[in-house]
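# Structure assessment
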Amino acid sequence: MSEPQQPPVPPSAQPNPAFPPAPPAPHLPAAPQYPAAPQAPAAAQYPAAPQYPAAPQNAGAQPGYPAYPTAPKPTGPGNPLGRIAFVIAVVTAGLSLLVTLFTPFLYMSTGGFETTTVISGILGVISLLGYAAALVLALIAAKRPGSQLLVGIAIGIAGVGLLGLVISFVSSTFYRFF
């Protein structure tokens, strides 16, 4: 069993022969004198520690820790598949918004209700395919390394748009039966 190690002596407690202690200032009282504590032996009787070869140090590694290889950084910025999913989701949401804004004008056109129903149905199917493609691409991109901000936004836009279209299709189906 090894013996307990003694804590190192702080540098302020060791006498420094280069700088002798200054005499006390005349306007201050003299410092109290305390009895000297017994000193530990100068050299401890421990066996010498085995010498190990020094590990090579890398510029970024901290001393005392082994240097591990780092993973290569991506060459391009961001996640390109996530960016594509984001663009598809935003374009599809913009298309759905335009259909919603122009629906009153389609009702007033010469074709009336039939033209509006056909155009809304075609653009609804295109929106459904666009939202589904954006959602699938975003879910694939979420598994890849890189920035996840646009991926998360694409999942949110595509998920909400897809859910809204499915609910809209189901509700319009009920209009035919009731």
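In this report, we go over the structure that sits alongside the text.

Turning to the packing of aromatic side chains, a few remarks are in order. Taken as a whole, this structure holds two aromatic pairs when the rule is applied. With centroids separated by 6.1 Å and ring planes inclined at 50°, the aromatic side chains of Phe102 and Phe105 adopt a geometry described as tilted. Placement of the pair is Phe102 and Phe105 together in helix α1 (residues 80-108), with a separation of three residues, close to one helical turn. On the basis of relative accessible area, Phe102 is assigned to the partly exposed category, the value being 46%.

So, on to the environment of Phe169. Residue placement: Phe169 occurs in helix α3 (residues 149-177). What makes Phe169 partly exposed here is its relative accessible area of 31%. When the C-alpha positions of Phe169 and Gly121 are compared, they lie 9.4 Å apart, and in sequence the two are 48 residues distant. Other than its neighbours up to four places away in sequence, Phe169 contacts Gly124, Val125 and Leu128.

Moving on to the layout of surface pockets. Size it by volume and the largest pocket reaches roughly 630 Å³. Lining the largest pocket we find 22 residues, and of these Thr117, Ser120, Gly121, Ser168 and Ser172 sit closest to its centre. Elements with a minimum of two residues in the lining of the largest pocket: α1, α2 (113-142) and α3.

Here the focus is the packing of α1 against α3. Two elements in contact, α1 and α3, have axes whose closest approach is 8 Å; the angle formed by their N-to-C orientations is 35°. α3 is crossed by α1, and the crossing has left-handed handedness. Contact residues: Gly82, Arg83, Ala85, Phe86, Ala89, Val90 and Ala93 in α1; Leu150, Val151, Ile153, Ala154, Ile157 and Ala158 in α3. Across the contact of α1 with α3, the residue classes break down as 11 nonpolar, one polar and one charged.

In this section: α3. The terminal C-alpha atoms of α3, which comprises 29 residues, lie 43 Å apart, in line with the 42 Å expected from a rise of 1.5 Å per residue. Taken residue by residue, α3 has Val151, Ala154, Ala158, Gly161, Leu162 and Leu165 as its buried positions. Along its buried surface, α3 packs onto α1 and α2.

Below, the discussion takes up α2. Taking 1.5 Å per residue as the helical rise, α2 with its 30 residues ought to reach 44 Å, and the 42 Å between its terminal C-alpha atoms agrees with that figure. Along α2, the residues classified as buried are Thr116, Gly124, Ser127, Gly130, Tyr131, Ala134, Leu135, Ala138 and Ala141. Next to the buried residues of α2 lie α1 and α3.

Counting residues in hydrophobic clusters, the biggest one holds seven residues: Ala89, Tyr131, Ala134, Leu135, Ala158, Leu162 and Leu165. Every element with two or more residues in this core is listed here: α2 and α3.

Now for the side chain of Ser96. Along the chain, Ser96 falls in helix α1. Not counting the four nearest positions on each side in its chain, Ser96 is found in contact with Ser127 and Tyr131.

Rules behind the numbers
Residues numbered from 1 in each chain as written. Predicted model: local features only at pLDDT ≥ 70, side-chain atom pairs only at ≥ 80, totals over all residues. Heavy atoms only, no water. Phe/Tyr/Trp six-rings, centres within 6.5 Å; stacked < 30°, edge-to-face > 60°. Helix = DSSP H or I, 4+ residues; strand = E, 2+ residues; numbered from the N terminus. Buried < 20%, exposed > 50% of the residue type's maximum accessible area, 1.4 Å probe, protein only. Contact = heavy atoms within 4.5 Å. 1 Å grid on protein atoms, 1.4 Å probe; cavity = no way out; pocket = protein on both sides within 12 Å on 5 of 7 lines; lining within 4 Å. Points joined across faces, edges and corners; volume = space filled by probe spheres on them. Axes fitted to C-alpha atoms, helices over the stretch in contact; angles between N-to-C directions. Left-handed = near helix turned anticlockwise from the far one by under 90°. Nonpolar A, V, L, I, M, F, W, Y, C, P; charged D, E, K, R; others polar. Expected span 1.5 Å × (residues − 1). Core = buried A, V, L, I, M, F, W, Y, C linked by side-chain atoms within 4.5 Å.

None of this, on its own, says anything about what the molecule does.
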